[in-house]
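Residue-level structure breakdown
Here's the letter readout for the chains.
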Amino acid sequence: MSISRDDILAWLQDVARIIAENRDYLVQLDSPIGDADHGANMDRGFRAIMGKMGEISDKDIGTIFKTAAMTLIATVGGASGPLYGTFFLQAGTKTAGKMEISIEEWAVVLEAALAGIVMRGKAEVNQKTMVDALTPAVQALKQAVAEGKSQAEALELSAEAARQGMLATIPMLALKGRASYLGERSIGHQDPGATSSYLILNSAAKVWNGV
Ligand code: ADP
Ligand code: MG
């Protein structure tokens, strides 16, 4: 089993669909602890990526990710634009020239992509950001790969870890980004960025596992 260039394109298409479907939900999550734009930001960004599908459809995975990164940086704005932009830029660096990658390589790609977000945003786990969904997802993926689990199982475990990480942001006190301005009042709300990160990784598991 492996992940092909076409699988990556199918994933981005599914993410665009899922983000559009969840646009209002992400806006709602960003209302009490932010400025109610996360859904709109992400939807704008992934729609713009869809507009680039024609020009990237025959390219290698690295070029696809780098194009997605540049598009997100140019269109999303806010905190999440540069952060997801860095995520895909780092993913693109790790996949330069590749037409397919193994699940072991995907674990390395995702770890580098998360490291890019951490380098850029300086958030640690437990600070109520997307890092809280991505970190357990990367850990679960690496562990599954190390244990020799199947690609399908590894992807599923990773998505489930992201979901748990997303839910774990609810009782957290926000220490990064706009939500941190609220102090204690940020407690009790699910982080919008952790939610979009879960949606993105869950989409990869579903699309690549054919469910
Ligand atoms: P903005 O906060 O500028 O309005 P968005 O609403 O699009 O941008 O994105 C908000 C999300 O960005 C938060 O829910 C959080 O997950 C994420 N975020 C904010 N700051 C950081 C950071 N320093 N590191 C990681 N993620 C962050
Ligand atoms: Mg916002």
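That block above? That's the structure.
Now for a look at the structure at hand. Quick caveat: nothing in here was measured; it's all calculated off a predicted structure. (Residues numbered from 1 in each chain as written. Chains lettered and ligands numbered in written order. Predicted model: local features only at pLDDT ≥ 70, side-chain atom pairs only at ≥ 80, totals over all residues. Heavy atoms only, no water.)

Brief notes about the side chain of His-38
How we decide: Numbered from the N terminus, helices here are DSSP runs of H or I no shorter than four residues, and strands are runs of E no shorter than two. Throughout this description, buried means an accessible area under 20% of the type-specific maximum (1.4 Å probe, protein chains only), exposed means over 50%, and partly exposed covers the range between. Working rule for contacts: check all heavy atoms of both residues, and any pair within 4.5 Å makes them a contact.
One can find His-38 in helix α3 (residues 38-50). Of the residues examined, His-38 reaches a relative accessible area of 6% and is grouped as buried. Here His-38 is in contact with Leu-26, Asp-30, Ser-80, Tyr-84, Pro-192, Gly-193 and Ser-196, once residues within four sequence places are set aside.

Section: unusual backbone geometry
Positive phi is not limited to glycine here, since Ala-36 has a value of about 60°. According to the relative accessible area criterion, Ala-36 is partly exposed, its value standing at 31%. Of note in this structure, Asn-126 is not a glycine but carries a positive phi near 80°. Along the chain, Asn-126 falls in the loop between α7 (103-121) and α8 (131-146).

Regarding the nonpolar core
Counted only if it meets this: The definition of a nonpolar core used throughout is a set of buried Ala, Val, Leu, Ile, Met, Phe, Trp, Tyr and Cys residues joined through side-chain atoms within 4.5 Å.
Counting residues in each nonpolar core, the largest one holds 60 residues, and the members touching the most others are Trp-11, Phe-46, Phe-65, Phe-88, Ile-103, Trp-106 and Trp-208. In this view, Trp-106 contacts Ile-3, Trp-11, Phe-65, Ile-101, Leu-141, Leu-155 and Trp-208; residues no more than four positions away in its chain are not counted.

As for the packing of aromatic side chains
The relative placement of two aromatic rings is captured by the distance of their centres and the angle of their planes. This is how it is decided: Any two rings among Phe, Tyr and Trp, with Trp reduced to its six-membered ring, count as a pair given centres within 6.5 Å; such a pair is stacked if its planes are under 30 degrees apart, edge-to-face if over 60, and tilted if neither.
According to the stated counting rule, one finds nine aromatic pairs in the structure shown. Taking the centre distance of 6.4 Å and the plane angle of 70° together, the rings of Phe-46 and Phe-88 count as edge-to-face. Of this pair, Phe-46 sits in helix α3 while Phe-88 sits in helix α6 (residues 80-94); the two residues are 42 residues apart in sequence, bridging distant segments of the chain. Neither residue differs from the other here; Phe-46 and Phe-88 are each classed as buried. Taken together, a centroid distance of 5.1 Å and an interplanar angle of 80° make the contact between Phe-87 and Phe-88 edge-to-face.

Observations concerning the coordination of the magnesium ion (ligand 2)
We apply this condition: In this listing, donors mean N, O and S atoms no farther than 2.8 Å from the metal, or 3.2 Å for Na, K and Ca; water is missing from the atoms, so a site can look incomplete.
Every protein donor of the magnesium ion (ligand 2) is listed here as Asp-30 (OD), Asp-35 (OD) and Asp-37 (OD), and their distances to the metal cover 2.1 to 2.2 Å. Read in sequence order, the donor residues for the magnesium ion (ligand 2) give the motif D-x4-D-x1-D.

Notes on helix α2 (residues 23-33)
As a reminder of what qualifies: Arc definition: directions from the helix axis to the C-beta atoms.
Within α2, burial applies to Leu-26, Val-27, Leu-29, Asp-30 and Ile-33. The buried residues of α2 occupy an angular sector of 160° when the element is viewed end-on, so they sit on one face. For α2, the exposed residues set more than 90 degrees away from the buried face come down to Asp-24 and Gln-28. In the core, the buried residues of α2 are packed alongside α1 (5-21), α3 and α10 (192-208).

Focus on the pattern of salt bridges
Put simply, the test is: The working definition used for a salt bridge is a side-chain nitrogen of Lys or Arg within 4 Å of a carboxyl oxygen of Asp or Glu.
According to the stated counting rule, one finds twelve salt bridges in the structure shown. Among the ionic pairs, Arg-17 bridges to Glu-21, the shortest N-O distance being 2.9 Å. Linking Arg-17 with Glu-21, this pair stays in helix α1, spanning four residues, or about one helical turn. For Arg-17, a relative accessible area of 43% puts it in the partly exposed group. Note that Arg-178 and Asp-35 form a salt bridge whose closest N and O atoms lie 3.0 Å from each other. A residue pair is termed long-range when its members are at least 10 positions apart, and Arg-178 in the loop between α9 (151-168) and α10 and Asp-35 in the loop between α2 and α3 qualify at 143 residues. Salt bridges sharing partners connect three or more residues here, namely Arg-23, Asp-24, Asp-43 and Arg-47.

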